[in-house]
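The chain contents come next:
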Amino acid sequence: MSGFISQETINNVRDVSDIISVIGEYTKLDRKTGNKWWGCCPFHSEKTPSCVVYPDTESFYCFGCGAGGDVISFVMQIENLSYIEAVK
């Protein structure tokens, strides 16, 4: 198994992965304000949404626990995978 993934492949994964859909598989994103979606963070227990997803930059951030990043880092964190595993 190769440990190298080209930048082109990484960019393609980011381009075709809708971060709203990916994060929405793990938590309910039920509040939209402007172009941002809010939901409860899947990384810690909470009663009110503190996790915001920014579709225009394909990124997320939790104001409660500080988790954040792009779609690849989200999959890495939620599934406990390495970078290469998450891209694949």
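A. A look at the pairing of strand E4 (residues 59–62). Pairing of strand E3 (residues 51–54) with E4 involves 4 bridges; the strand directions are antiparallel. Note that in E4 the partner of Cys51 across the bridge is Cys62. Between E3 and E4, which pair antiparallel one after the other, the connecting turn spans 4 residues, and Glu58 there sits at a positive phi close to 50°. With 3 bridges joining them, E4 and strand E5 (residues 68–70) adopt antiparallel strand pairing. Across the sheet, Tyr61 pairs through a bridge with Gly68, a residue of E5. Where E4 hands over to E5, the hairpin turn is made up of 5 residues, of which Gly66 adopts a positive phi near 85°.

B. Spatial organisation of the nonpolar core. Membership of the largest hydrophobic core comes to 20 residues, with the highest contact counts inside it found for Ile19, Ile23, Val53, Phe60, Ile72 and Val87. Elements that contribute at least two residues to this core include exactly helix H1 (7–16), helix H2 (19–24), E3, E4, helix H3 (71–79) and helix H4 (83–87). The residues contacting Ile23, other than those within four sequence positions of it, are Leu29, Val53, Phe60 and Phe74.

The rules behind the values
- Here, residues in each chain are numbered from 1, in the same order as that chain's written sequence.
- Per-residue local features are limited, in this predicted model, to residues with pLDDT of at least 70; the limit for side-chain atom pairs, both in listing and counting, is 80 or more; totals at the level of whole chains, interfaces and linings are taken over all residues.
- The basis for every side-chain value is the complete set of heavy atoms in the structure, and neither hydrogens nor water enter the calculation.
- In this analysis, strands are considered paired if DSSP registers two or more bridges between them.
- In DSSP terms, a helix is any run of H or I states spanning at least four residues, a strand is any run of E spanning at least two, and both are numbered starting from the N terminus.
- Residue types Ala, Val, Leu, Ile, Met, Phe, Trp, Tyr and Cys, when buried and joined through side-chain atoms within 4.5 Å, form a set referred to as a nonpolar core.
- Only protein chains enter the accessibility calculation, which uses a 1.4 Å probe. A residue is then buried if its area is under 20% of the maximum for its type, exposed if over 50%, and partly exposed in between.
- In this analysis, two residues are considered to be in contact whenever any of their non-hydrogen atoms come within 4.5 Å of each other.

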